Amino acid sequence: MTELAIHAADRDIADDLCEQVRSAYTDRTPLRIVGGDTRAFYGRPVEGNALNMAAHSGIVSYDPVELVVTVRAGTRLSALNAALAEKNQMLAFEPPAFSDASTIGGAVATGMSGPRRPWAGAARDFVLGTRVITQEGKLLRFGGEVMKNVAGYDLSRLMAGAQGTLGVLADISFKVLPIPTASHSLRLSMDLEDALGKLAELGRQPLPITAAGWHSGELFIRLEGGASSVNATKERLGGESLPGDFWQQLRDHQHAFFSLNEGQVLWRLSLPPNTPPLALDIPQSDIFYDWGGSQRWIKTNVAADTLRTVCQQAGGHATCFTPHAQGGAESPFTPLNPVVEKYHRNLKAELDAYGIFNPGRLYAAF
């Protein structure tokens, strides 16, 4: 087996980071974990000394044959994507990059995935292993590559979406996938009811769909895979071709939809598949249906409690993406039910007994 090591922008400062965490643990000093700081809007504000991860960068190892890459958390997404593209490979969960400063550690810590998520999987599904700095400042490996997880926790995957509240991601190993040989994106003029019905119909068929959305009377679909399959499906569906950067703009919130009017707040609604339109007094022009309708972006001044009640009745939850403007909500995140909250608290107490890692980022008490 051959292994390609990449040394551009390569810097390992794990020992220094461990020392900073040890000092914070001893002094009970809160730490605010910072990479590119492009996702600071997501979650509650954190007060604490900055633990700067941006300098901990570089691709540790990359084996294109085995489809595995290990990268330091401060590595910029743009650099990692470029290195993978040289070998015609990619991060299949398509993490958003809100600016060139976005890092892979921040992408995993927030657990964000792009338009391909319903068809390929979420960020945590591609995490094979991690090196994590624990509360005592120890650098430990977890995941399937090196050692079995302790105490029954799959700590590597628990770190995905934990927003740095359980430990510091130092290195992450991913499964990567080949870039599809053919790709085509199209749009079809269609009202919302017909679009949701069409997506439900197409979802029951073995078609090479890897992204689908609807907005303002247009259904958007991306086809990826073998050339013959993509071409046949393209001919079957018809429609107009979409610009090549459409899905990237949607993923990175650069699409015109994400421009807010005064007083509007951006919400992300996560819903079960095939959920019909919600009973909300919001113009359709202020809703973008992504992930085939399972993820919905909403621009509104509707009260948080109203929005969340309707969303929960449909079996989903709502998250605020506009910092410090939760429309009257205490938290950008939907409150946990008591049973789940108990497990969250127990896990936090086990892995961060003194609350030094991003305190309050997820919930006020932990």
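Look a little higher up for the structure.
The rules behind these values
- Residues numbered from 1 in each chain as written.
- Predicted model: local features only at pLDDT ≥ 70, side-chain atom pairs only at ≥ 80, totals over all residues.
- Heavy atoms only, no water.
- Helix = DSSP H or I, 4+ residues; strand = E, 2+ residues; numbered from the N terminus.
- Rg over C-alpha atoms; globule rule 2.2 N^0.38 Å.
- Buried < 20%, exposed > 50% of the residue type's maximum accessible area, 1.4 Å probe, protein only.
- Areas by Shrake-Rupley, 256 points an atom, 1.4 Å probe, with all protein chains shown as cover.
- Lys, Arg positive; Asp, Glu negative; His and termini not counted.
- Charge placed at Lys NZ, Arg CZ, Asp CG, Glu CD.
- Expected span 1.5 Å × (residues − 1).
- Arc of directions from axis to C-beta.
- Contact = heavy atoms within 4.5 Å.
- Polar contact = N/O pair within 3.5 Å; in protein donor to acceptor, adjacent residues only side chain to side chain.
- Core = buried A, V, L, I, M, F, W, Y, C linked by side-chain atoms within 4.5 Å.
- Pairing = 2+ DSSP bridges.
- Axes fitted to C-alpha atoms, helices over the stretch in contact; angles between N-to-C directions.
- Salt bridge = Lys/Arg side-chain N within 4 Å of Asp/Glu carboxyl O.

1. As for the overall build of the chain
Part 1 of the reasoning: On a plain count of helices and strands, the chain comes out with 10 helices and 17 strands.
Part 2 of the reasoning: Relative to its length of 366 residues, the chain is compact, with a C-alpha radius of gyration of 21 Å against a globular reference of 21 Å.
Part 3 of the reasoning: When its C-alpha atoms are laid out on the principal axes, the chain stretches across 60 × 55 × 35 Å.
Part 4 of the reasoning: In the chain, which comprises 366 residues, the proportion classed as buried is 51%.
Part 5 of the reasoning: Of the accessible surface of the chain, which amounts to about 16,600 Å², a share of 49% is contributed by carbon and sulfur atoms.
Part 6 of the reasoning: In the chain, 33 positive and 38 negative side-chain charges are present, and the distance between their average locations comes to 3 Å.

2. Some points on helix 10 (residues 338-351)
Part 1 of the reasoning: Given a rise of 1.5 Å per residue, 14 residues ought to cover 20 Å, and the 20 Å separating the end C-alpha atoms of helix 10 matches this to within 8%.
Part 2 of the reasoning: Taken as a whole, helix 10 has its buried residues at Leu347, Lys348 and Leu351. All buried residues of helix 10 lie within an arc of 100 degrees about the axis, which places them on one face of the element. Turned more than 90 degrees away from the buried face of helix 10 sit Pro338, Val339, Lys342 and Glu350, all of them exposed.
Part 3 of the reasoning: Elements that come into contact with the buried residues of helix 10 comprise helix 5 (155-158).
Part 4 of the reasoning: Between the side-chain oxygen at the start of helix 10 and the backbone nitrogen of valine 339 there is a gap of 3.1 Å, and the oxygen is on asparagine 337.

3. Side note on the nonpolar core
Part 1 of the reasoning: Among the nonpolar cores identified, the biggest contains 45 residues, and Val21, Val69, Leu80, Leu91, Ile104, Val108 and Phe174 are the most heavily contacted of them.
Part 2 of the reasoning: When residues of this core are traced back to their parent elements, those giving at least two are helix 1 (14-27), strand 3 (59-63), strand 4 (68-72), helix 2 (77-86), helix 3 (104-110), strand 6 (127-133), strand 8 (168-175) and helix 10.
Part 3 of the reasoning: Looking at this core element by element, the count peaks at 5 residues for strand 8.
Part 4 of the reasoning: Beyond its immediate stretch of four places on either side in the chain, valine 21 contacts Leu31, Leu51, Ile133, Thr134, Gln135, Gly137, Val168, Ile356 and Phe357.
Part 5 of the reasoning: Formed by 35 residues, the second largest nonpolar core is a distinct cluster that contains Leu192, Leu199, Leu219 and Ile287.

4. Remarks on the sheet that holds strand 4
Within a beta sheet, neighbouring strands are joined by backbone hydrogen bonds and run either parallel or antiparallel to one another.
Part 1 of the reasoning: A sheet is described by the order of its strands in space; here 5 strands give the open sequence 3-4-8-6-7, paired in antiparallel fashion. Looking at which strands have only one partner, the edges of the open sheet turn out to be strand 3 and strand 7 (139-143). With direction set aside, neighbouring strand axes in the sheet form an average angle of 15 degrees.
Part 2 of the reasoning: Pairing of strand 4 with strand 8 involves 5 bridges; the strand directions are antiparallel. Residue pairing across strands places arginine 72 opposite aspartate 171, the latter belonging to strand 8.
Part 3 of the reasoning: Where helix 1 meets the sheet, it contacts strand 6, strand 7 and strand 8, and its direction lies at approximately 55 degrees from that of strand 6.
Part 4 of the reasoning: With respect to the sheet, helix 2 is in contact with strand 3 and strand 4, its orientation differing from that of strand 3 by roughly 25 degrees.

5. Considerations on helix 9 (residues 304-313)
Part 1 of the reasoning: Buried residues of helix 9: Ala304, Leu307, Arg308, Val310 and Cys311, and no others. All buried residues of helix 9 lie within an arc of 165 degrees about the axis, which places them on one face of the element. In helix 9, the exposed positions that point more than 90 degrees away from the buried face belong to Asp305 and Gln313.
Part 2 of the reasoning: As for helix 9, its buried residues are in contact with strand 14 (265-270), strand 16 (295-300) and strand 17 (317-320).

6. A closer look at the pattern of salt bridges
Part 1 of the reasoning: Under the criterion given, the structure shown has 15 salt bridges.
Part 2 of the reasoning: Residues arginine 116 and glutamate 94 are paired through a salt bridge, measuring 3.3 Å at the closest nitrogen-oxygen approach. Placement of the pair is arginine 116 in the loop between helix 3 and helix 4 (117-120) and glutamate 94 in the loop between strand 5 (89-90) and helix 3, with a sequence separation of 22 residues.
Part 3 of the reasoning: On the accessibility criterion, arginine 116 (7% relative accessible area) is buried.
Part 4 of the reasoning: Notably, a salt bridge pairs arginine 222 with glutamate 94, separated by 3.0 Å at the nearest N-O pair. With arginine 222 in strand 12 (residues 218-225) and glutamate 94 in the loop between strand 5 and helix 3, the pair connects residues that are 128 residues apart, well separated along the chain.
Part 5 of the reasoning: Through salt bridges with shared partners, one network takes in Asp10, Asp12, Arg72, Arg131 and Asp171.

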